[in-house]
Amino acid sequence: MNLASIRQRLRPVAGETWLGLAYVLPIILVMASLVFVPLVTTVIDSLYRIDPMRPGTPFIGVLNYKNLAADSNVQHATWNTLVYVVLAVLLETAGGLAAALLLNKVRRGRQWLLAVLVLPWCLPPVVNALVWLWIYNPSYGLLNNLLKAVGLLDNNVVWFNDHNTALLLVALVHVWRMLPLTAIILLAALQAIPADLYEAAKLDGAGRIKCFRMITLPLIAGGLAIALSQSTVFAFNLFDEAWILNGSSLDTRSLIIQVYMSAFQNLKFSYGMALSVLAMIASLVVSLVYVLKVYRETRFD
Amino acid sequence: MRKLTLHYLGRAGFALAVLVLLLWSLGPVYWAVLTSFTDPRDMLSEHLSLWPQHPTLEHFAKLFGASSASQGNEVQSVWPQFSRAFVNSLVTSAAATLVTLAAAAFGGYAFVRLRFPGRDLLFGLVVASMAVPAYTVMIPLYRLMISLHLIDTYLGVTLIYVSAFLPLALWLMRSVYQSLPVALEEAAWLDGAGRTYTLVRIVLPLAAPGLIATAILTFLSAWGQFMVPLVFSPSLATKSLTVLIPEFVTRNYVDYGLMNAAGVVAMLPPVLLVIFLNRFLVRGLIAGATK
């Protein structure tokens, strides 16, 4: 058989279009009905008053958005969420980079150390939060007992009494769960760096720190940008940890908890939708902004 | 001499770093397991102990027992609820994994090897939807599910899981197919095998590691889901473990032993996956996060 006739037989067959459409039909159905249409509905409905407790669904324009701006609960939740994002991104990136550098050095048993590293990410977030709730317990928790045992503390502390401590502790549980993702992404980036780059730098007399700054950092910039945006988006969507550890308390209430409370506890559907639209846009913009920034600052010309 | 000292210092620092990593990752899990075997009286002691003084199966007996005693009083057994929620979690997670995997296996293949109008647009839209947080569509979904009478049904919860986890699965499967050589398929087509036959009998076996990785990631995501069942599973008909276990806390007093025992049981499926399928899991994570 010559090449031309092979090409002939490999050209798109008549049925290919239909077969392709048949293969993706379930995807189109599920995604359209459960994601795309609801997403558009959310945006449109946020301009109406949809409230099962009140008759009619009049068009109210941007009134929901105006009310959101004046809502002190929303302001609290926004501030808390920003704190979560900053803490999560800082701690996950620092800790994840340290873990990735360490794992990159490990020769024996790396597989098992990796398994240990990813374990927190694999567990149900709610169960993680419950375990930490017990650790943070003011009377019998591990944290108090541990600090007293090493002499850093004389009396038990009720950790969630203080607004800032509470935020930190919720963020810590989130970091415990999400750090493995950052570490894995950075480890993959580290392993893609050719070893002879370091040898060449050593021959040129570059020290460890210089190697890190001149080779490692620029070459993992892509991975770093992905890790940063993942950390941001996940911290923006923080719900489980804050909800389990401190319920609906304003001290630790995140934006998503505020959406949940507005929609499913106060039954102000369209008000919750307006807030969820804003949260989505904010999360997308923030992560996009510093993906671009990281790319620009660490790019090597 | 100085160099040797530095060498040993480096080794010690390295070992210390590994130890810190182990403590950080396993410490809380160990503490949960320990608590689930700790005698309730020891739990209330001010004294710090890092291993069980008087190990007991009391909490697990309470979880699995037909009748149950708490602080000397006969109380209602939690086993009927717990077993039901465990089955619910298992059914919805397994169903979501199977449906997602099937849709991603065929759809991912179509996006790589078959040509049809709107292919790239559709793929772009589906992948972009990964950036849409679940809660943004939660309220319209809730109203849709009510009108379809799918609230508190396996079908409803499973469908929502599929819509949430399908984009990542599709992304993973597409990269798996892209890395497979097309030559084998071409040989099969030349021999007169149909496209679907080729995909099922030749391509899917080759893509098995990718399929396993995708299945693990989907199952773990579904198993750990909290907000979806919180909204869509109001009764024990479909309530998941993740929603039931926190309810042990919000009663009059908190039974931390019971809570940790239940938590340990809920951790078992993910822990088993990490131990036995770790290779696939890490590969899937890397592929999902980077490509």
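Throughout, residues of each chain are indexed from 1 in the direction in which the sequence is written. Written order decides the labels, with chains lettered from A and ligands numbered from 1. With pLDDT at 70 or above as the cut-off, local features in this predicted model cover only qualifying residues; side-chain atom pairs require 80 or more to be listed or tallied, and sums for whole chains, interfaces and linings still use all residues.

Labelled according to an unreviewed UniProt entry, chain B appears under the name Carbohydrate ABC transporter permease, originating from Pseudomonas typographi. Of the comments in the UniProt record for chain B, the one headed Subcellular location (unreviewed entry) reads "Cell membrane". Heading Sequence similarities (unreviewed entry) of the UniProt record for chain B holds this comment: "Belongs to the binding-protein-dependent transport system permease family. MalFG subfamily." UniProt positions are given in the numbering used here, feature names are shortened, and annotations may be inferred rather than shown by experiment.

The name given to chain A in an unreviewed UniProt entry is Sugar ABC transporter permease, with Pseudomonas typographi as the source organism. For chain A, the Sequence similarities (unreviewed entry) comment in UniProt is given as "Belongs to the binding-protein-dependent transport system permease family." Listed in UniProt under the heading Subcellular location (unreviewed entry), the comment for chain A reads: "Cell membrane".

Enquirer: What should I look at first to understand the interface of chain A and chain B in this one?
Expert: With 74 residues of chain A at the interface, the matching set in chain B holds 75 residues. Strands are runs of DSSP state E lasting at least 2 residues, helices are runs of H or I lasting at least 4, and numbering of each runs from the N terminus. Here the side of chain A that touches chain B gets 19 residues from one element, more than from any other, and that element is helix H2 (residues 16–45) of chain A. Any residue outside Ala, Val, Leu, Ile, Met, Phe, Trp, Tyr, Cys, Pro, Asp, Glu, Lys and Arg is labelled polar, Gly included; the first ten of those are nonpolar and the last four are charged. Here the residues of the side of chain A that touches chain B are counted per class, giving 57 nonpolar, 12 polar and five charged. Contacts here follow a simple rule: the backbone-placed C-beta atoms of the two residues must lie within 7 Å.

Enquirer: Looking at this model, I keep getting lost on helix H7 (residues 142–149) of chain A. Mind explaining?
Expert: For an α-helix the count is 3.6 residues per turn, leaving residues at separations of three or four pointing the same way. Burial in this document is a count-based property: other C-beta atoms within 10 Å of a residue's C-beta are tallied, and the residue is buried at 20 or more, exposed at 12 or fewer, or partly exposed in between, with C-beta positions derived from the backbone. For H7 of chain A, the complete set of buried residues consists of Leu142, Asn144 and Asn145 of chain A. Projected onto a plane normal to the axis of H7 of chain A, the buried residues spread over an arc of 165 degrees and lie on a single side. Looking at the packing, one finds that the buried side of H7 of chain A touches helix H6 (125–135) of chain A together with helix H1 (2–36) of chain B. Of the residues one or two after H7 of chain A, Gly151 of chain A is the one with positive phi, at around 85 degrees. It is the directions from the helix axis to the C-beta atoms whose arc is reported.

Enquirer: For this particular structure, what's the right way to read the UniProt feature "transmembrane region" (unreviewed entry) in chain A?
Expert: The UniProt record annotates "transmembrane region" (unreviewed entry) at residues 21–44, 82–103, 112–135, 166–190, 211–236 and 269–292 of chain A. Secondary structure across residues 82–103 of chain A divides into 100% helix and 0% strand, with the first and last C-alpha atoms of the span separated by 31 Å.

Enquirer: Please explain unusual backbone geometry as it appears in this structure.
Expert: Comment: phi is negative for the bulk of residues other than glycine, and the bulk of peptide bonds are trans. Residue and element names in this part refer to chain B. Residue His149 is not a glycine yet carries a positive backbone phi of 60 degrees. One can find His149 in the loop between helix H6 (134–147) and helix H7 (154–178). By the C-beta count within 10 Å, which is 10 here, His149 ends up exposed. One non-glycine residue, Asp152, adopts positive backbone phi at about 60 degrees. Its place among the elements puts Asp152 in the loop between H6 and H7.

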